[in-house]
Amino acid sequence: MKIYTRTGDDGTTGLFGAGRVPKHHPRIHAMGAVDETNAAIGAAAAMLSPKSEAMRQVLLRLQHELFILGADIATPTDTRASVPRIEQEHVQTLEQDIDKWEAELKRLQFFILPGGTQAASMLHLARGICRRAERYLSEHLDAISPNSHIFHYVNRLSDLLFVLARRVNHDSGSPDVRWEQ
């Protein structure tokens, strides 16, 4: 199978089991932001120190889940296509991850600047991209999917990425940088 199909040359892209939509459709914007989030997570994982294998495994799991999320967004629920969907269990796992990775961090009493190590900076970037996906979904979820777990998942994912960025800095001895007005 070739990487190019020429089917998108007319400015449309295919959905699973539901025809085609313009590439500027809100569903495609959301899918693109999810894809960008996934790429940034992959880059962050590549930047982690060899001692960070547990976090690398979490990031790999997140990348797999983002493929589920992308398929969920790309597949209207009224089609016959069968794909895995984001479910409440995915959201609960993210909440457990947040609690686990945040346990050793000092409670934040102020806003912090994104940055620190390269891996932490990339996780902050992934969080920002994830927030973009969240904005698209917030505005258009009714037109994209009745699955509210999608929005909950993306919201928790951005929280987890923030915590993981802080944790990478913490583990490397790099302090949070306080925002000063």
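This is a predicted model, so every value here is computed, not measured.

Q: I keep staring at the packing of aromatic side chains and nothing clicks. Help me out?
A: The relation between two aromatic rings is expressed through the spacing of the ring centres and the mutual angle of the planes. Scanning all chains against the criterion turns up one aromatic pair. Ring geometry for Phe111 against Trp179: centres 6.0 Å apart, planes inclined by 75°, an arrangement best described as edge-to-face. Pair noted here: Phe111 is in the loop between α3 (88–102) and β3 (112–113) and Trp179 is in the segment after β4 (177–178), with a separation of 68 residues, a long-range link. The exposure class of Phe111 is exposed, given its relative accessible area of 63%. On the basis of relative accessible area, Trp179 is assigned to the partly exposed category, the value being 42%.

Q: I would appreciate a short explanation of the environment of Leu48 in the present structure.
A: Along the chain, the position of Leu48 falls in the loop between α1 (26–47) and α2 (53–74). The residues touching Leu48, leaving out its near neighbours within four places in the chain, are Met55, Arg56, Leu59, Ala119 and Val168.

Q: What is the right way to read the nonpolar core from this model?
A: Considering soluble globular proteins, one finds that nonpolar side chains tend to be buried as a cluster. Counting residues in hydrophobic clusters, the biggest one holds 42 residues, and the most contacted among them are Leu59, Leu62, Leu69, Leu123 and Tyr153. Secondary structure elements with two or more residues in this core: α1, α2, α3, α4 (118–144) and α5 (148–172). If we skip the residues at most four places from it in the chain, Leu59 touches Ile41, Ala44, Ala45, Leu48, Leu123 and Leu164.

About the cut-offs
- Residues numbered from 1 in each chain as written.
- Predicted model: local features only at pLDDT ≥ 70, side-chain atom pairs only at ≥ 80, totals over all residues.
- Heavy atoms only, no water.
- Phe/Tyr/Trp six-rings, centres within 6.5 Å; stacked < 30°, edge-to-face > 60°.
- Helix = DSSP H or I, 4+ residues; strand = E, 2+ residues; numbered from the N terminus.
- Buried < 20%, exposed > 50% of the residue type's maximum accessible area, 1.4 Å probe, protein only.
- Contact = heavy atoms within 4.5 Å.
- Core = buried A, V, L, I, M, F, W, Y, C linked by side-chain atoms within 4.5 Å.

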